[in-house]
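What follows is each chain in one-letter form.
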Amino acid sequence: MPRAAREGGIIAGTSTGRCWRLPALLREQPAPKRVVTFVCDSGNKYLSKVYNDYWMLDQGFIERERYGDLRDLIARRHWEHAAVTVNATEPVLAAYRRMKLYDVSQLPVMQDGRIVGIVDEEDILLEVFANPRHFNEPVTEAMASHLVTVPVDASLPQLMEIFNRGMVAIVMRGNEFQGLVTRIDLLNWLRRRL
């Protein structure tokens, strides 16, 4: 989140960012100066980008702790409470709505703090196509329960094997779910290394 919003509660457009440097510039002046400025535009149209930490992370504008393993590729880390999940007791409709809200294609299905399945767009479509009332069925009716897990120290070729089978990698540290790694996560990680 931009500093103006975080520190001043100002949801401004990107062109206003130039004004945020003014206090430092004024401190460098030999004599006191008075400056009046306007917030040039609203930040409303930037909510999915500049005001979205995951977009900022993907673009390389935010740095975060690095581990030197697959945890570095996870966009939404579960231990940071950032993973978008659905509980096994929730309906398929809840999973669908969460996918739309967070712009993700698959969700881990959790039960008692453990991952018990994964549901993606195709799973939901197959579940509701013949009978839209199945949106009210438990998500466990639509999820895949055969999970492909990898330890945090798995290699990139191991990830590629999973992707070649049309699956997503579920990263585990011992018995603890760390997050998902998708093709786009790997692409973003490779791009940031340029």
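To be clear, the structure that these remarks concern was listed above.
Scoring rules and cut-offs
Residues numbered from 1 in each chain as written. Predicted model: local features only at pLDDT ≥ 70, side-chain atom pairs only at ≥ 80, totals over all residues. Heavy atoms only, no water. Buried < 20%, exposed > 50% of the residue type's maximum accessible area, 1.4 Å probe, protein only. Helix = DSSP H or I, 4+ residues; strand = E, 2+ residues; numbered from the N terminus. Pairing = 2+ DSSP bridges. Contact = heavy atoms within 4.5 Å. Axes fitted to C-alpha atoms, helices over the stretch in contact; angles between N-to-C directions.

## Remarks on the pairing of strand β3 (residues 114-120)
Consecutive residues of a regular strand have side chains that alternate between opposite faces of the sheet. Most of β3 sits out of view: five of its seven residues are buried. Bridging between strand β2 (residues 106-111) and β3 involves six bridges; their strand directions are antiparallel. Directly across from proline 108, in β3, lies its bridge partner isoleucine 118. In textbook terms, the turn of a hairpin is the stretch between consecutive antiparallel strands, and for β2 and β3 this stretch comprises two residues, one of which, aspartate 112, has a positive phi near 55°.

## A look at the sheet that holds β2
Strand order in the open sheet formed by three strands is β1-β2-β3, and the pairing between neighbours is mixed. Edge positions in the sheet fall to β1 (86-87) and β3, since each of these pairs with one other strand and no more. Along the sheet, helix α4 (residues 92-102) makes contact with β1, β2 and β3, crossing β2 at roughly 135°.

## Describing the sheet that holds strand β5 (residues 169-173)
The strand order β4-β5-β6 describes an open sheet built from three strands, whose pairing is mixed. The open sheet terminates on both sides in strands that have one partner only, identified here as β4 (149-151) and β6 (176-181). Taken pair by pair, the neighbouring strands of this sheet meet at an average axis angle of 35°, ignoring direction. Pairing of β5 with β6, which is carried by five bridges, proceeds in the antiparallel orientation. Of the residues in β6, the one forming a bridge with methionine 172 is phenylalanine 177. Contacts from helix α6 (residues 156-164) reach β4, β5 and β6, with the element oriented near 140° to β5.

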